[in-house]
Amino acid sequence: MEQRWIPVTERLPEEPEENIYFDGKRLELYLVTERRAAYPFRAFWNGKNFTDGWHKLDVTAWMPLPDAYREPAAVGHKI
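Here's a quick rundown of the structure. Please read these numbers as outputs of a predicted model, since none were measured by experiment. (Residues numbered from 1 in each chain as written. Predicted model: local features only at pLDDT ≥ 70, side-chain atom pairs only at ≥ 80, totals over all residues. Heavy atoms only, no water.)

**What to know about the pattern of salt bridges**
Oppositely charged side chains can pair when the atoms bearing their charge come close. For the structure shown, the criterion picks out three salt bridges. Residue Glu10 is joined to Arg4 by a salt bridge in which the shortest nitrogen-to-oxygen separation is 2.8 Å. For Glu10, a relative accessible area of 45% translates into the label partly exposed. Overall, the relative accessible area of 38% leaves Arg4 in the partly exposed class. Taking the shortest distance from any N to any O, the salt bridge between Arg36 and Glu34 comes out at 2.6 Å. (Salt bridge = Lys/Arg side-chain N within 4 Å of Asp/Glu carboxyl O. Buried < 20%, exposed > 50% of the residue type's maximum accessible area, 1.4 Å probe, protein only.)

What follows is the structure in structure tokens.
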């Protein structure tokens, strides 16, 4: 799957579902760029706004977080 920045003027993320990692709250994490920030960072999406947990953010673009790294399964062991 190609990862690319999606401008908020193009579209916003879908409505989040209840998330077991956030005590059942309707939140999802995304990578975002924000007008006042010098670099991308993670932010919550609640279905209406992006937030850092304290403040509403002025996000210009977003993308889903990549999957977590997983070590490859061992094929065989050499001794």
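**Some remarks on the packing of aromatic side chains**
This model, assessed by the stated rule, comprises three aromatic pairs. Centre to centre, the rings of Tyr30 and Phe50 are 6.3 Å apart; their planes meet at 85 degrees, and the pair counts as edge-to-face. Of this pair, Tyr30 sits in strand β2 (residues 28–34) while Phe50 sits in strand β4 (residues 50–51), placing them 20 residues apart in sequence. Accessibility classification places Tyr30 together with Phe50 in one group, the buried group. Linked through ring pairs, Tyr30, Trp45, Phe50 and Trp62 together constitute an aromatic cluster. (Phe/Tyr/Trp six-rings, centres within 6.5 Å; stacked < 30°, edge-to-face > 60°. Helix = DSSP H or I, 4+ residues; strand = E, 2+ residues; numbered from the N terminus.)

**Focus on the sheet that holds β4**
With respect to topology, five strands assemble into an open sheet ordered β1-β5-β2-β3-β4, the strand pairing being antiparallel. Each having just a single partner strand, β1 (6–7) and β4 make up the two edges of the open sheet. Pairing of β2 with strand β5 (residues 59–64), which is carried by five bridges, proceeds in the antiparallel orientation. Within the sheet, the bridge partner assigned to Val32 lies in β5 and is Trp62. (Pairing = 2+ DSSP bridges.)

**A look at the side chain of Thr51**
By secondary structure assignment, the location of Thr51 is in strand β4. Polar side-chain contacts of Thr51 include one of 2.9 Å to the backbone oxygen of His55. Residues in contact with Thr51, not counting those within four places in the same chain, are Ala43, Phe44, Lys56 and Leu57. (Polar contact = N/O pair within 3.5 Å; in protein donor to acceptor, adjacent residues only side chain to side chain. Contact = heavy atoms within 4.5 Å.)

**Focus: the environment of Gly24**
Turning to its location among the elements, Gly24 is positioned in the loop between β1 and β2. Remark: the alpha-carbon pair of Gly24 and Tyr69, spanning 45 residues in sequence, is separated by 25 Å. Once you skip the residues sitting within four places of it in the chain, Gly24 turns out to touch Glu18 and Asn19.

Function-wise, these values are silent; they only describe arrangement.
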